[in-house]
Amino acid sequence: MSAIQNRYEFLYLFDCENGNPNGDPDAGNSPRIDPEDMHGLVSDVAPKRRVRNYIQAAYGNEAPNAIFVEHSTNLNRPIALAHEKANGEIPAKATKDKVKNARAWMCANFYDVRTFGAVMSTGANAGQLRGPVQFSFSRSIDPVFPMDLSITRIADANLTKKKHGVEEKEGMGSEQLMELENQAPEDTLRTMGRKAIIPYGLYAMKGFVSANLAEGTGFSDTDLDHLWDALLNMWDHDRSASKGMMSCRGLYIFKHVGTDSDENQRIRQAKLGCAPAHRLLDFSTDLRLQDNAIIEITKREGLATSPRAFSDYKVTIHQDRLPTGVELLP
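Below: a short report on this structure. None of the values given here were measured: they were computed from a predicted structure. (Residues numbered from 1 in each chain as written. Predicted model: local features only at pLDDT ≥ 70, side-chain atom pairs only at ≥ 80, totals over all residues. Heavy atoms only, no water.)

## Considering the overall build of the chain
Stage number 1. Looking only at helices and strands, the chain features 10 helices and 14 strands.
Stage number 2. Relative to the globule expectation of 20 Å for 330 residues, the C-alpha radius of gyration of the chain, 25 Å, shows a markedly less compact shape.
Stage number 3. Each principal axis of the C-alpha atoms in the chain carries an extent, and together these give about 85 × 70 × 30 Å.
Stage number 4. Taken over 330 residues, the chain has a buried fraction of 44%.
Stage number 5. Taking the intrachain contacts of the chain between residues at least 6 apart in sequence as the baseline, contacts between residues at least 24 apart amount to 70%.
Stage number 6. Accessible surface computed for the chain: about 17500 Å², of which carbon and sulfur atoms make up 49%.
Stage number 7. Placing the 39 positive and 44 negative side-chain charges of the chain at their respective mean positions leaves the two points 4 Å apart. (Helix = DSSP H or I, 4+ residues; strand = E, 2+ residues; numbered from the N terminus. Rg over C-alpha atoms; globule rule 2.2 N^0.38 Å. Buried < 20%, exposed > 50% of the residue type's maximum accessible area, 1.4 Å probe, protein only. Contact = heavy atoms within 4.5 Å. Areas by Shrake-Rupley, 256 points an atom, 1.4 Å probe, with all protein chains shown as cover. Lys, Arg positive; Asp, Glu negative; His and termini not counted. Charge placed at Lys NZ, Arg CZ, Asp CG, Glu CD.)

Given below as structure tokens:
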């Protein structure tokens, strides 16, 4: 399949209700926030992980839509396999041609390599690739309010002498553990826990798809359709107690098509683009008004409290503000 011939940008809206959209391990896994203005943040790798998970579930983790960056795997294993398949063996010294062959095999078999690129020089060297698809950090439209809630767990994970009067030791069998459990006071076999959530947040992520970089990985129109499908549906396959209710609330895709009457020149314009990305993706809000913004995201008129649902927002599209040579896909 040939690589895509058009540049794209997209604005992706998603929300989180009574959950933690992206925990910060440096802050006790609390929801990420910008401490200066209290707007919520979601890292770029979080939605990439969800795209990978969706593609893996939808296509059975088989070539050409296998996933390179999987949970709990050694990345050097598929890199070694790439050399074995493309070069017949793992070379003692990876020459330029052998690296190229292994890199091409990785692109042909792994969807996330074609899409996001990869560093494949950690073991048997298969080079590096910058992917044609990139995501920005997501930021909430309005400030969010992180809440650290106490929860009660009605079962304990281990018995300590300090708390229970008996003590669990490593290597104990099930009968020994049952005996200790029977010795412990009933009201001590419970424990407290914490859960960090936000009541509600609507987040905006900006995305970029480069036709020029797609040539290096073979990212095709079929791959692009898979990306849109994943973004629209991935939250329904990523449910967990900590995430609350997360949903896609809007995917606005800008396609560069060119303007020139000469076909060759128009193809070149479509690949390079007909407007800067910020012109398309900078949106207007209640506090940041822009007369030329194509997308406006405003709070519902008369709303007296902080937004608590997507229905508290209104998204308006101004088709007449599109630059020449750019289409907004339905």
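## Focus: the side chain of D24
Stage number 1. Residue position: D24 is located in strand β2 (residues 23–24).
Stage number 2. A polar atom in the side chain of D24 sits 3.0 Å from the backbone nitrogen of D26.
Stage number 3. Setting aside its immediate chain neighbours within four residues, D24 contacts N29, S30 and R32. (Polar contact = N/O pair within 3.5 Å; in protein donor to acceptor, adjacent residues only side chain to side chain.)

## A closer look at the packing of helix α1 (residues 45–59) against helix α8 (residues 221–233)
Stage number 1. Two elements in contact, α1 and α8, have axes whose closest approach is 9 Å; the angle formed by their N-to-C orientations is 105°. The pairing of α1 with α8 is recorded here as roughly perpendicular in orientation. Contacts between α1 and α8 involve V51, Y54, I55 and Y59 from the first element and H226, L227, D229, A230, L231 and N233 from the second.
Stage number 2. Residues belonging to the contact of α1 with α8 are distributed by class as follows: seven nonpolar, two polar and one charged. (Axes fitted to C-alpha atoms, helices over the stretch in contact; angles between N-to-C directions. Parallel < 35°, antiparallel > 145°, perpendicular 65-115°, else oblique. Nonpolar A, V, L, I, M, F, W, Y, C, P; charged D, E, K, R; others polar.)

## Details of the nonpolar core
Stage number 1. Counting 35 residues, the largest nonpolar core has F10, V51, W228 and L231 as the members making the most contacts within it.
Stage number 2. Going through the elements one at a time, β1 (8–19), α1, α4 (111–116), β7 (133–135), β10 (191–209), α7 (211–217), α8 and β11 (245–256) are the ones with two or more residues in this core.
Stage number 3. Excluding its chain neighbours within four sequence positions, the residues that come into contact with V51 are Y111, F116, F135, L227, A230, L231 and M234.
Stage number 4. L202, L281, V326 and L328 belong to the second largest nonpolar core, which has 19 residues in total. (Core = buried A, V, L, I, M, F, W, Y, C linked by side-chain atoms within 4.5 Å.)

## A short note on the environment of H237
Stage number 1. Its location among the elements puts H237 in the loop between α8 and β11.
Stage number 2. Relative accessible area serves as the criterion here: at 57%, H237 is assigned to the exposed category.
Stage number 3. Residues H237 and Y54, spaced 183 residues apart in sequence, show a C-alpha to C-alpha distance of 6.9 Å.

## Things to note about the side chain of E9
Stage number 1. Structurally, E9 is set in strand β1.
Stage number 2. Residue class for E9 comes out buried when judged on its relative accessible area of 4%.
Stage number 3. Side-chain polar atoms of E9 contact the side chain of H256, separated by 2.7 Å.
Stage number 4. In this structure E9 touches G207, F208, Y252, I253, F254, H256, A277, L280 and L281, once residues within four positions along its chain are discounted.

## Structural notes on the packing of helix α2 (residues 76–87) against helix α3 (residues 96–109)
Stage number 1. Where α2 meets α3, the axes come as close as 8 Å, and the angle between the chain directions of the two elements is 110°. In terms of axis orientation, α2 runs roughly perpendicular to α3. Every pair of crossing elements has a handedness; the one defined by α2 and α3 is right-handed. Residues P78, I79, L81, A82, H83, K85, A86 and N87 of α2 form the contact with α3, whose participating residues are K98, N101, A102, W105 and M106.
Stage number 2. For the contact of α2 with α3, the class distribution of residues is eight nonpolar, three polar and two charged. (Left-handed = near helix turned anticlockwise from the far one by under 90°.)

## Here we look at the environment of I141
Stage number 1. Here I141 is to be found in strand β8 (residues 138–143).
Stage number 2. For the pair I141 and K299, spaced 158 residues apart in sequence, the C-alpha to C-alpha distance is 9.7 Å.
Stage number 3. Those residues in contact with I141, other than ones at most four positions away along the chain, are H39, L202, A204, F283, T285, I297 and Y313.

## Some details on unusual backbone geometry
Stage number 1. A cis geometry characterises the amide bond from A63 onward to P64, with omega recorded as 5°.
Stage number 2. For P64, the position within the fold is in the loop between α1 and α2.
Stage number 3. In this structure, N29 is a non-glycine residue whose phi angle is positive, near 65°.
Stage number 4. With respect to the helices and strands, the residue N29 is situated in the loop between β2 and β3 (30–31).
Stage number 5. The partly exposed category is assigned to N29, whose relative accessible area is 46%.

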